[in-house]
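# Observations on the model geometry
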Amino acid sequence: MASTLSQLKLGWLHGLRAKLLRRYEHKPLVSCLAGLYGCRWRRYERSFTQPGECCCNKIEGVSFALLVAAFCLTLVFLYFWGQAKNDYNDFDWFNFGILGFWFPWSVVLLVIAAGFFTYVTVLMLLAVCLLSEGQKLYLHWSHKIGIFVSLTFSIVATAVLSDLWSKEWKTLLLSFQITAPYLHVGGVLLMTALAWPIALHFFRMNSRVKRALILGVYLSILSALYLVPLGLYSPCIKEDGTLGPAPALIGHRGAPMLAPENTLMSFEKAVEAGSEGLETDVTISLDGVPFLMHDQTLRRTTNILEVFPNRTNHPAAMFTWSELESLNAGAWFLSHDPFGTVGSLGADDRLRAEKQSVCSLHDFLQLAAQKTKLVIFDLYRPPRGHPYRDTWIQRTLEVIQNESSILSSQVRETVRGGRCEEAQSEVLWLPSDLRALVQEMDPELQQTSGSRLPLEELQSNNIVKLNLHYSSMSAQLVSEYAAVNISINLYVISQPWLFSLAWCCGVQSVTTNAPQLLKSMKSPLLLMSPEEYNLMWILTDGASLVLILIIFFFHWWRERGLAFCSGGKITADNGTYSKFKTELSDIWSVSSTNSQAEKTPSLATVSEH
């Protein structure tokens, strides 16, 4: 009885070993993969990689290398452009200023990038699956052209955007402080999955150079991924209980996703969305009425082309207030839909938006006073020849002090001495001599600096707040200024990941286009303690390493066994061949008592290709 059981176990082990050694060809799957990748739908057009052979010839090897390069570059560009979503509106209006007409170029570029990445990724998956099935690679000429186009697009688009919009690379670097932990896990999983085809072809190659090259590249990338967490910094990886309150929200020109910018409706929507402050842009009309307008001209946000067709390029400050009041400042919002949010508005809001007009500083301040909201505004100096060219500050302060009910302590004023194009990030803030004049006229007026001046200079000028672009975000910077009671406001932050980063850095307030979105966030997108993060990446790397070692050991064991069993022969140490001897009679005696093992002899001795 014991002998029978031992024979059954022996037969089962032989059968299991035979199944593991057996090469399975999933014919329907291989046919589909080869057809999609190389348009080789007939079986005779395909070829299986024999031991010692490479997975492809030189031409196909170059094609595969270009495919890998295209995958990497399209991935980088798609990630880069996806993280730049916070500034899509600026990009589209920059193109409007150049081309003269509105079009959502940012979304079009995103769709094209996603299309190329999807196409290249599908080809990569097909190639990896074919390699995993032991098939030789053959890429159809049409796909080779597609890869070349994808590669060219990624290179050209990256180069052009780097030249015109280089500051977005800072945004990319900031994004890693939120996404790096997740990217690390995804990268490790990808490299772990690639271990199967790499190990398969590594142990089947005879060329030591090729084997060393494949293994060297793979281990280099894998090691880099394993060690990435050692150099990762994120302010959102912090001890429990150290996260401060969420930054206060300041509506950028109101709530421009819900209503036309710099209109009363936009500011009312910002208040409804939970904004603690309101930000706007102020210039002065020809007859001395301060009004809200960001652009130098009225072309983008009014119907000036219909009302004053011959004055479309005239500075906004060269119009009288009565002329400005005759313009419609809301219809453009419905027709252009700059943020893609018009569809979410109700019928009443659409009708109201369509009837918005240019807003005066007086009406804006009255709304802020009524809602007790903080006000920050940019004050633009009128062009040469304007009657208020030299008294623009006095006229603005006169409205604040004498013509509105707002308290001076609610106002934080910044002054622009000249107009910059939309694409430029340099801001000309109030010079020291004019700042002294403003302080003398209204000592209670809170002032803001737009540059990172030395602490001594900021304190001597009684500056209590810095208004900086979000690209300068730094937890260290925030803590240094907070130590001397100087707070920081960052502009313009509208994406949850950027708001999460500002929250973790301890920023006091942010200017945003999306107060309705950020107000609903209860915590940062990434928040974990150092211990939790260390445990996560150590477990990820450890599990990956174990799986990769198992995969490589399995392929080494199987290819070694197949070398002995292939063709019913074994390979001697000296390279000669001799007849393979099996214990066929023993296995057959076991199989007679177990109907499930009837095919064991053939499985143990035949390697199916």
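Residues numbered from 1 in each chain as written. Predicted model: local features only at pLDDT ≥ 70, side-chain atom pairs only at ≥ 80, totals over all residues. Heavy atoms only, no water.

## Looking at the overall build of the protein
Looking only at helices and strands, the protein has 23 helices and 11 strands in total. Classification of the 609 residues of the protein by burial places 47% in the buried group. At a minimum sequence separation of 6, the contacts of the protein that also span at least 24 residues come to 69%. Summed over its atoms, the accessible surface of the protein is roughly 29,600 Å², and 62% of this surface lies on carbon and sulfur atoms. (Helix = DSSP H or I, 4+ residues; strand = E, 2+ residues; numbered from the N terminus. Buried < 20%, exposed > 50% of the residue type's maximum accessible area, 1.4 Å probe, protein only. Contact = heavy atoms within 4.5 Å. Areas by Shrake-Rupley, 256 points an atom, 1.4 Å probe, with all protein chains shown as cover.)

## Describing the side chain of S544
Within the fold, S544 resides in helix 21 (residues 530-565). With relative accessibility at 3%, the residue S544 sits in the buried group. Among all residues touching S544, those that are not within four sequence positions of it are V188, T192, L222 and Y226.

## A few points about empty space enclosed by the protein
Per the stated rule, a full pass over the model turns up four cavities of 30 Å³ or more. Taken as a whole, the second largest cavity encloses approximately 70 Å³ of empty space. Lining of the second largest cavity is provided by E261, N262, T263, L292, M293, H294, T301, A329, W332, S357, V358 and C359. Among the residues making up the lining of the second largest cavity, the classes are represented as six nonpolar, five polar and one charged. (1 Å grid on protein atoms, 1.4 Å probe; cavity = no way out; pocket = protein on both sides within 12 Å on 5 of 7 lines; lining within 4 Å. Points joined across faces, edges and corners; volume = space filled by probe spheres on them. Nonpolar A, V, L, I, M, F, W, Y, C, P; charged D, E, K, R; others polar.)

## A closer look at a nonpolar patch on the surface
A surface patch of nonpolar side chains, amounting to about 460 Å² of accessible area, comprises I98, L99, F101, F103 and W105. Structurally, the position occupied by L99 is in helix 4 (residues 88-99). We classify L99 as partly exposed; its relative accessible area is 41%. (Patch = residues over 30% accessible without salt bridge, like charges linked within 9 Å, V, L, I, M, F, W, Y side chains within 5 Å. Salt bridge = Lys/Arg side-chain N within 4 Å of Asp/Glu carboxyl O.)

## Some points on unusual backbone geometry
Following Y491, the chain continues into V492 via a peptide bond in cis, with omega recorded as -25°. By secondary structure assignment, the location of V492 is in the loop between strand 8 (487-491) and helix 19 (496-505). Positive phi, normally seen in glycine, also occurs at R253, with a value near 60°. Considering the arrangement of structural elements, one finds R253 in the loop between strand 1 (248-252) and helix 9 (264-272). The phi dihedral of N262 is positive, around 55°, even though this residue is not glycine. Here N262 falls in the buried class, since its relative accessible area comes to 5%.

## Considerations on the packing of helix 7 (residues 168-202) against helix 8 (residues 208-227)
Packing of helix 7 against helix 8 leaves a shortest axis separation of 10 Å and a crossing angle of 165°. Between helix 7 and helix 8, the angle falls in the class roughly antiparallel. With respect to the hand of their crossing, helix 7 and helix 8 are arranged in left-handed fashion. From helix 7, H184, G187, V188, M191, T192, L194, A195, I198 and F202 reach across to helix 8, where they touch R211, I214, L215, Y218, I221, L222, L225 and Y226. (Axes fitted to C-alpha atoms, helices over the stretch in contact; angles between N-to-C directions. Parallel < 35°, antiparallel > 145°, perpendicular 65-115°, else oblique. Left-handed = near helix turned anticlockwise from the far one by under 90°.)

## Here's the deal with the pattern of salt bridges
Taken as a whole, this structure holds 13 salt bridges when the rule is applied. Across the pair D295 and R300 runs a salt bridge, and its minimum N-O distance is 2.6 Å. Residue classification places R300 among the buried residues on the basis of a relative accessible area of 6%. Between E323 and R311 there is a salt bridge; the shortest N-O distance is 3.0 Å. Of the two residues, E323 sits in helix 11 (residues 321-325) while R311 sits in the loop between helix 10 (304-307) and helix 11, which places them 12 residues apart along the sequence. Because the salt bridges share partners, they merge into one network encompassing R253, E261, D281, D295 and R300.

## A few points about the packing of aromatic side chains
Aromatic ring pairs: the centre-centre distance and the angle between the two ring planes describe each pair. Enumeration over the complete set of coordinates arrives at 28 aromatic pairs. Between the aromatic rings of W196 and F554, the centroid separation amounts to 5.7 Å while the plane-to-plane angle is 25°, which identifies the pairing as stacked. Taken as a pair, W196 in helix 7 and F554 in helix 21 lie far apart in primary sequence, 358 residues in all. In this structure W196 comes out as partly exposed when scored by relative accessible area, which is 33%. Taken together, the ring pairs in this structure connect F77, F80, W81, Y88, F91, F116, F153, W165 and W169 into an aromatic cluster. Of note, R300 hangs over the ring of W332, and the distance from its end group to the ring centre comes to 6.0 Å. (Phe/Tyr/Trp six-rings, centres within 6.5 Å; stacked < 30°, edge-to-face > 60°. Lys NZ or Arg CZ within 6 Å of the ring centre and 35° of its normal.)

## Looking at the state of the cysteines
Covalently bonding the sulfur atom of one cysteine to the sulfur atom of another cysteine gives a disulfide. Evaluated as defined, the whole model comprises one disulfide. Disulfide partner of C236: C504, at an S-S distance of 2.1 Å. An S-S torsion of about 105° defines the bridge between C236 and C504 as right-handed. Residue C236 is found in the loop between helix 8 and strand 1, and its partner C504 is found in helix 19; the two are separated by 268 residues along the sequence. The structure places no disulfide on C129, whose sulfur is separated from the nearest cysteine sulfur, that of C32, by 9.9 Å. Owing to a relative accessible area of 35%, C129 belongs among the partly exposed residues under this scheme. (Disulfide = S-S within 2.5 Å.)

## A few points about the environment of N461
Within the secondary structure, N461 sits in the loop between helix 17 (455-460) and strand 7 (465-469). By relative accessible area, N461 is classed as buried at 17%. Taking the C-alpha atoms as reference, N461 lies 8.8 Å from Q447; in sequence the two are 14 residues apart.

## Quick notes on a negative patch on the surface
A contiguous patch of negative charge, built from E239, D240, E531 and E532, is present on the exposed surface. Within the element layout of this structure, E532 appears in helix 21. (Lys, Arg positive; Asp, Glu negative; His and termini not counted. Charge placed at Lys NZ, Arg CZ, Asp CG, Glu CD.)

## Points about the pairing of strand 6 (residues 446-449)
The two faces of strand 6 match: Q446 and T448 on one face and Q447 and S449 on the other face are all buried. Here strand 6 runs beside strand 7; their pairing, made up of two bridges, is parallel. By the bridge assignment, T448 is partnered in strand 7 with K465. A crossover links strand 6 with its parallel partner strand 7, the connecting element being helix 17, and its sense is right-handed. (Pairing = 2+ DSSP bridges. Right-handed = clockwise from strand over helix to strand, strands pointing away.)

## Topic: the side chain of N467
Tracing the backbone shows N467 in strand 7. Accessibility expressed as a relative area gives 8% for N467, which makes it buried. Among the polar contacts listed, one links the side chain of N467 to the side chain of N489, at a separation of 2.6 Å. (Polar contact = N/O pair within 3.5 Å; in protein donor to acceptor, adjacent residues only side chain to side chain.)

## A closer look at the packing of helix 4 against helix 5 (residues 105-132)
Between helix 4 and helix 5, whose axes approach to 8 Å, the crossing angle comes to 115°. Of the possible angle classes, the one that applies to helix 4 and helix 5 is roughly perpendicular. In this structure, helix 4 uses Y88, F91, D92, N95 and L99 to contact helix 5, whose residues at the interface are W105, S106 and L110. In terms of residue class, the contact of helix 4 with helix 5 is built from five nonpolar, two polar and one charged.

## Overview of the confidence of the model for the protein
Confidence in the prediction for the protein averages 82 pLDDT; 80% of positions are at 70 or higher. Below pLDDT 50 for its whole length, residues 418-433 participates in 30 contacts with residues either more than four positions away or in separate chains. With pLDDT under 50 throughout, residues 567-609 is counted as low confidence; its partners more than four residues away or in other chains account for 48 contacts. (pLDDT = per-residue confidence, 0-100.)

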